Number of protein chains: 2
Amino acid sequence: MSTVANPANIFWHDNLVGKTEREKLLNQQGCVVWITGLSGSGKSTIACSLGREFQARGKLSYILDGDNLRHGLNKNLGFSAESRAENIRRTGEVAKLFADAGLICIASLISPYRKDRDACRVLLPDKKFIEVFLNMPLQLCEERDPKGLYKLARAGKIKGFTGIDDPYEPPLNCEIEIQQKDGLVPAPNEMAGQVVSYMEDRGFLEA
Amino acid sequence: MSTVANPANIFWHDNLVGKTEREKLLNQQGCVVWITGLSGSGKSTIACSLGREFQARGKLSYILDGDNLRHGLNKNLGFSAESRAENIRRTGEVAKLFADAGLICIASLISPYRKDRDACRVLLPDKKFIEVFLNMPLQLCEERDPKGLYKLARAGKIKGFTGIDDPYEPPLNCEIEIQQKDGLVPAPNEMAGQVVSYMEDRGFLEA
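Residues numbered from 1 in each chain as written. Chains lettered and ligands numbered in written order. Predicted model: local features only at pLDDT ≥ 70, side-chain atom pairs only at ≥ 80, totals over all residues. Heavy atoms only, no water.

- If you check an unreviewed UniProt entry, chain A appears there as Adenylyl-sulfate kinase from Nicotiana tabacum.
- Check the Catalytic activity (unreviewed entry) section of the UniProt entry for chain A; it says "adenosine 5'-phosphosulfate + ATP = 3'-phosphoadenylyl sulfate + ADP + H(+)".
- Database annotation for chain A, UniProt heading Sequence similarities (unreviewed entry): "Belongs to the APS kinase family." (UniProt positions renumbered as here; feature names shortened; annotations may be inferred.)

1. Considering empty space enclosed by the protein
Piece 1. What the rule picks out here adds up to two cavities of 30 Å³ or more.
Piece 2. The space that makes up the largest cavity amounts to roughly 90 Å³.
Piece 3. Lining the largest cavity are 12 residues; nearest its centre among them are Gly51, Ser61 and Ile63 of chain A together with Val17 and Arg22 of chain B.
Piece 4. Where the lining of the largest cavity is concerned, the elements lending two or more residues are helix H2 (43-56) and strand E2 (61-65) of chain A.
Piece 5. Considering every element that reaches the lining of the largest cavity, the biggest residue donor is H2 of chain A, with four residues. (1 Å grid on protein atoms, 1.4 Å probe; cavity = no way out; pocket = protein on both sides within 12 Å on 5 of 7 lines; lining within 4 Å. Points joined across faces, edges and corners; volume = space filled by probe spheres on them. Helix = DSSP H or I, 4+ residues; strand = E, 2+ residues; numbered from the N terminus.)

2. Notes on H2 of chain A
All names here are of chain A.
Piece 1. Along its 14 residues, H2 runs 20 Å from first to last C-alpha, staying within 8% of the 20 Å computed at 1.5 Å per residue.
Piece 2. Within the sequence span of H2, burial applies to Lys43, Ile46, Ala47, Cys48, Ser49, Leu50, Gly51 and Phe54.
Piece 3. Those residues of H2 hidden inside the fold are in contact with strand E1 (31-36), E2, strand E3 (104-108), strand E4 (129-134), strand E5 (176-178) and helix H8 (188-201).
Piece 4. Phi turns positive, to about 75°, at Gly58, one or two residues after H2. (Expected span 1.5 Å × (residues − 1). Buried < 20%, exposed > 50% of the residue type's maximum accessible area, 1.4 Å probe, protein only. Contact = heavy atoms within 4.5 Å.)

3. Concerning the packing of helix H4 (residues 81-100) of chain A against helix H4 (residues 81-100) of chain B
Piece 1. The interhelical angle for the contact between H4 of chain A and H4 of chain B, taken along N-to-C directions, is 50°, at an axis separation of 11 Å. With respect to each other, H4 of chain A and H4 of chain B are oriented oblique. For the pair H4 of chain A and H4 of chain B, the sense of crossing is right-handed. For the pair formed by H4 of chain A and H4 of chain B, the contact residues are Glu86, Arg89, Arg90, Val94, Leu97 and Phe98 of chain A on the first element and Glu86, Arg89, Arg90, Val94, Leu97 and Phe98 of chain B on the second.
Piece 2. Classifying every residue of the contact of H4 of chain A with H4 of chain B by side-chain character gives six nonpolar, no polar and six charged. (Axes fitted to C-alpha atoms, helices over the stretch in contact; angles between N-to-C directions. Parallel < 35°, antiparallel > 145°, perpendicular 65-115°, else oblique. Left-handed = near helix turned anticlockwise from the far one by under 90°. Nonpolar A, V, L, I, M, F, W, Y, C, P; charged D, E, K, R; others polar.)

4. With respect to the pattern of salt bridges
Piece 1. On inspection of all chains with the given rule, the structure shows 30 salt bridges over all chains.
Piece 2. Two residues, Glu142 of chain A and Arg154 of chain A, come together in a salt bridge whose shortest N-O distance is 2.6 Å. Here Arg154 of chain A lies in helix H7 (residues 149-154) and Glu142 of chain A lies in helix H6 (residues 138-144), a separation of 12 residues in the sequence.
Piece 3. By relative accessible area, which is 51% here, Arg154 of chain A ends up exposed.
Piece 4. We note a salt bridge from Glu200 of chain B to Arg57 of chain B, for which the minimum N-O separation is 2.8 Å. Of this pair, Glu200 of chain B sits in helix H8 (residues 188-201) while Arg57 of chain B sits in the loop between helix H2 (43-56) and strand E2 (61-65), placing them 143 residues apart in sequence.
Piece 5. The partly exposed category is assigned to Arg57 of chain B, whose relative accessible area is 35%.
Piece 6. Overlapping salt bridges, with partners in common, bring together Glu86, Arg89, Arg90 and Glu93 of chain A together with Glu86, Arg89, Arg90 and Glu93 of chain B in one network. (Salt bridge = Lys/Arg side-chain N within 4 Å of Asp/Glu carboxyl O.)

5. Details of the relation of the copies chain A and chain B
Piece 1. Expressed as a screw operation, the relation of chain A to chain B combines 0.0 Å of axial shift with a rotation of 180°, fitting to an RMSD of 0.0 Å. One copy is carried onto the other by what is essentially a two-fold rotation axis. For chain A, the residue whose C-alpha comes nearest the rotation axis is Val94 of chain A, separated from it by 3.6 Å. (Least-squares fit on C-alpha atoms with pLDDT ≥ 70 in both.)

Here's what the structure looks like:
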């Protein structure tokens, strides 16, 4: 009786070429590597390093970068709590599609709230959601400040900035946590290697 | 000074593994096959047939089905003109990501408004947007009525139904138009073959 979505009128279409066939073609298993951490913690760096490593092994991966998505799919969203949640929700749904397509989808977003990340995890059962927590000290991220955003946040020119005046909720049960060792940040390929080893051990890199 | 997106604070991250590398890995060219037409015109059928044909040729494709997306990415959208536009916009943005990932992305949506489809086309320059118009008569679609939706629309139980009380704007410059021949609907593999031939001729099926 209305123009509002009625789930009863939206049908599900099964595609006859399924995930299994696509995974065989690619000789890998579709999944999501979800990289979370503060701004400046090195998410994009490890994402790119991972992408190169997969390509070198002949595996197909694709990076969903939070900032890049805000230029396209999520360009109509701001940074209120509600918009951030919708930003993560859409990214999670797209990541799920990529995993279903057979790709190793690398999502790289601050994704500060546990609830929002966990909602994405639920979309990908059977351990296909690999949460990677880049656990770097705020002080380090702020010293790096690659985009100059911490400076703006400290000056009050950006409100609701994660780590400054908005919380970052660390994962409670992530698959992989990356930290400093003896006060040193691991090299990008070392961080990526930690993720690749995890995936190799669990058979993600073959069909 | 606010929580609203400030484009100046959203950076673009270039990934060092680019589209070209992914296309080489897959030996194909990322693109979008956008199938538009009335409900019941056979969009899902040709999409599935295309998917099987690509798989048989060792090519990686993925179907974005309008109805399926409304269970996930677009589940917070209704059927108002504004929501329909946003539904198409998001689908176009996701299709663009899949094409960038190197896949042949098959988008299957009624997508009734020319303006919305053309906005998606703009996202994919260099002839990477292949619009396929399933030009089947309303009467035929209504006779088929695979989901029983025309019946509901005629009974006034669904408002704003494309072809009944909401317009379908046919493409003016689509790449491929599929019609009845001598009063007969082509077989699904024949329709798919028309699309595959088009793509083969233009080199999409090799890197």
